[in-house]
Amino acid sequence: MNGAAAGDRRIERALISESHRPREYELPGPRSTTDPRPTPDITSDVIRWAAFSCVLVPVVLLWYGASLAGAAGTAFGLAAVTAACRVLLRRSERCAAQRGGRHSRGETPVD
């Protein structure tokens, strides 16, 4: 392969997103142990679902004939609980990160 073709190949590779690349672009072999997999942000998912329920529950209450004041009170209560849970979950994540994860002692056996 000459230099121009190799340059074209690099440009093509850069333009194609990883999820749409054919198999020839994938790296062979197992994933490196030093390259950790990105962990999903579960706390954000929980908060998103809670915020969705803060909207959905009052709408359903109104649909079934509850008063506007009752639905608004419910929305406010759910929003307050969601905000408090978000603060506690984020605080818990920070504490776990400072302690080095789930196990703070090195005494746990390894399989």
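Below you will find a few notes about this structure.

What counts, and at which threshold
Residues numbered from 1 in each chain as written. Predicted model: local features only at pLDDT ≥ 70, side-chain atom pairs only at ≥ 80, totals over all residues. Heavy atoms only, no water. Phe/Tyr/Trp six-rings, centres within 6.5 Å; stacked < 30°, edge-to-face > 60°. Helix = DSSP H or I, 4+ residues; strand = E, 2+ residues; numbered from the N terminus. Buried < 20%, exposed > 50% of the residue type's maximum accessible area, 1.4 Å probe, protein only. Salt bridge = Lys/Arg side-chain N within 4 Å of Asp/Glu carboxyl O. Patch = residues over 30% accessible without salt bridge, like charges linked within 9 Å, V, L, I, M, F, W, Y side chains within 5 Å. Areas by Shrake-Rupley, 256 points an atom, 1.4 Å probe, with all protein chains shown as cover. Expected span 1.5 Å × (residues − 1). Contact = heavy atoms within 4.5 Å.

Take the packing of aromatic side chains next. This model, assessed by the stated rule, comprises 1 aromatic pair. Arranged with centres 5.8 Å apart and planes meeting at 90 degrees, the rings of Trp49 and Phe52 form a pair that is edge-to-face. Of this pair, Trp49 and Phe52 both sit in helix H2 (residues 42–63), 3 residues apart, which is roughly one turn of that helix. For Trp49, a relative accessible area of 63% translates into the label exposed.

Attention shifts here to the pattern of salt bridges. Pairs can form between side chains of opposite charge whenever their charged atoms are close. Applying the stated rule across the entire model yields 2 salt bridges. The salt bridge involving Asp45 is made with Arg48; its shortest N-O contact spans 2.8 Å. Pair noted here: Asp45 and Arg48 are both in helix H2, with a separation of 3 residues, about one helical turn. The class for Arg48 is exposed, based on a relative accessible area of 54%. The salt bridge partner of Glu93 is Arg90, with a shortest N-O separation of 3.1 Å.

A cluster of nonpolar side chains, contributed by Trp49, Phe52, Leu56, Val60, Trp63 and Tyr64, occupies part of the molecular surface with about 820 Å² of accessible area. Among the structural elements, Val60 can be located in helix H2.

Here we take up the environment of Ala83. In this fold, Ala83 is placed in helix H3 (residues 68–99). Along the sequence, Ala83 and Ala50 sit 33 residues apart, while their C-alpha atoms lie 9.3 Å from each other.

In this section: H2. With 22 residues, H2 should cover 32 Å at 1.5 Å per step; its first-to-last C-alpha distance of 31 Å lies within 8% of that length. The set of residues buried in H2 consists of Thr43, Ser44, Ile47, Ala50, Cys54 and Pro58. Next to the buried residues of H2 lie H3. Following H2 by one or two positions, Gly65 adopts a phi angle in the positive range, close to 95 degrees.

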